[in-house]
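In case you want the letters, here they are:
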Amino acid sequence: MTALSLSSSLWALEADTDEGTDVEFAIFSLNESLPPLSKSKARMLYRGKSKKIDGSLKIVLVDLPETSMHREEFYSMLLGKSVSQMNGYWAGLAFSGKGSPPEELDGDDIKQILKWLNDNPNGIAYAPIESVPEEVNILITVPQGE
């Protein structure tokens, strides 16, 4: 690869990263029995308005660290909210006894997410779709601008 094509490739990569134009998230689980989610059901889960799928199966959510840029992008794309807005929202729910925020991971490495899902059979996580392995059960994808 020439220096020119290498720098062009790096520039293209930076442009994609800066603009976030190609970011798409997957909400997924290792539990194959979980059904696909509608966008409204995914929003209800991540707003703490629902803790169950299909009326009976109680699920557990995991969240990326507050410092993760993926967490900011995910909440912006799914709910139209910033991380600080969601923190305030969850604090209000917790104070009123109506809910508690998802468990927060220490890092946003896909291996750490998969380990948490392995330990939580009814767990649901999210990550950029390009980092999600093929063998997981993708419940819904959240494209940019949705």
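All values reported here derive from a predicted model rather than from experimental measurement.

Asks: Got a sec to walk through the environment of Gly 48? Specific residues and values, please.
Replies: Counting through the fold element by element, Gly 48 comes out in the loop between helix H2 (39-46) and strand S2 (52-53). The class for Gly 48 is buried, based on a relative accessible area of 16%. Each C-alpha atom of the pair Gly 48 and Tyr 89 lies 9.4 Å from the other, and the pair is 41 residues apart in sequence. Residues in contact with Gly 48, not counting those within four places in the same chain, are Trp 90 and Leu 93.

Asks: Tell me about the packing of helix H3 (residues 69-79) against helix H4 (residues 83-96), and name the residues and values.
Replies: Axis separation between H3 and H4 bottoms out at 9 Å; the angle between their running directions is 75 degrees. By the angle between their directions, the pair H3 and H4 is classed as roughly perpendicular. Contact with H3, carried on its side by Arg 71, Glu 72, Tyr 75 and Leu 79, involves Val 83, Met 86 and Asn 87 of H4 and no other residues of that element. For the contact of H3 with H4, the residue count by class is four nonpolar, one polar and two charged.

Asks: Lay out H4 in plain terms, naming residues and giving numbers.
Replies: Taking 1.5 Å of rise per residue, 14 residues should cover 20 Å, and H4 covers 20 Å from first to last C-alpha, within 8% of that figure. Along H4, the residues classified as buried are Val 83, Met 86, Trp 90 and Leu 93. End-on view of H4: buried residues confined to an arc of 85 degrees, all on one side of the axis. Exposed and facing more than 90 degrees away from the buried side of H4 are Ser 84 and Phe 95. Buried positions along H4 lie against H2 and H3.

How each quantity is defined
Residues numbered from 1 in each chain as written. Predicted model: local features only at pLDDT ≥ 70, side-chain atom pairs only at ≥ 80, totals over all residues. Heavy atoms only, no water. Helix = DSSP H or I, 4+ residues; strand = E, 2+ residues; numbered from the N terminus. Buried < 20%, exposed > 50% of the residue type's maximum accessible area, 1.4 Å probe, protein only. Contact = heavy atoms within 4.5 Å. Axes fitted to C-alpha atoms, helices over the stretch in contact; angles between N-to-C directions. Parallel < 35°, antiparallel > 145°, perpendicular 65-115°, else oblique. Nonpolar A, V, L, I, M, F, W, Y, C, P; charged D, E, K, R; others polar. Expected span 1.5 Å × (residues − 1). Arc of directions from axis to C-beta.

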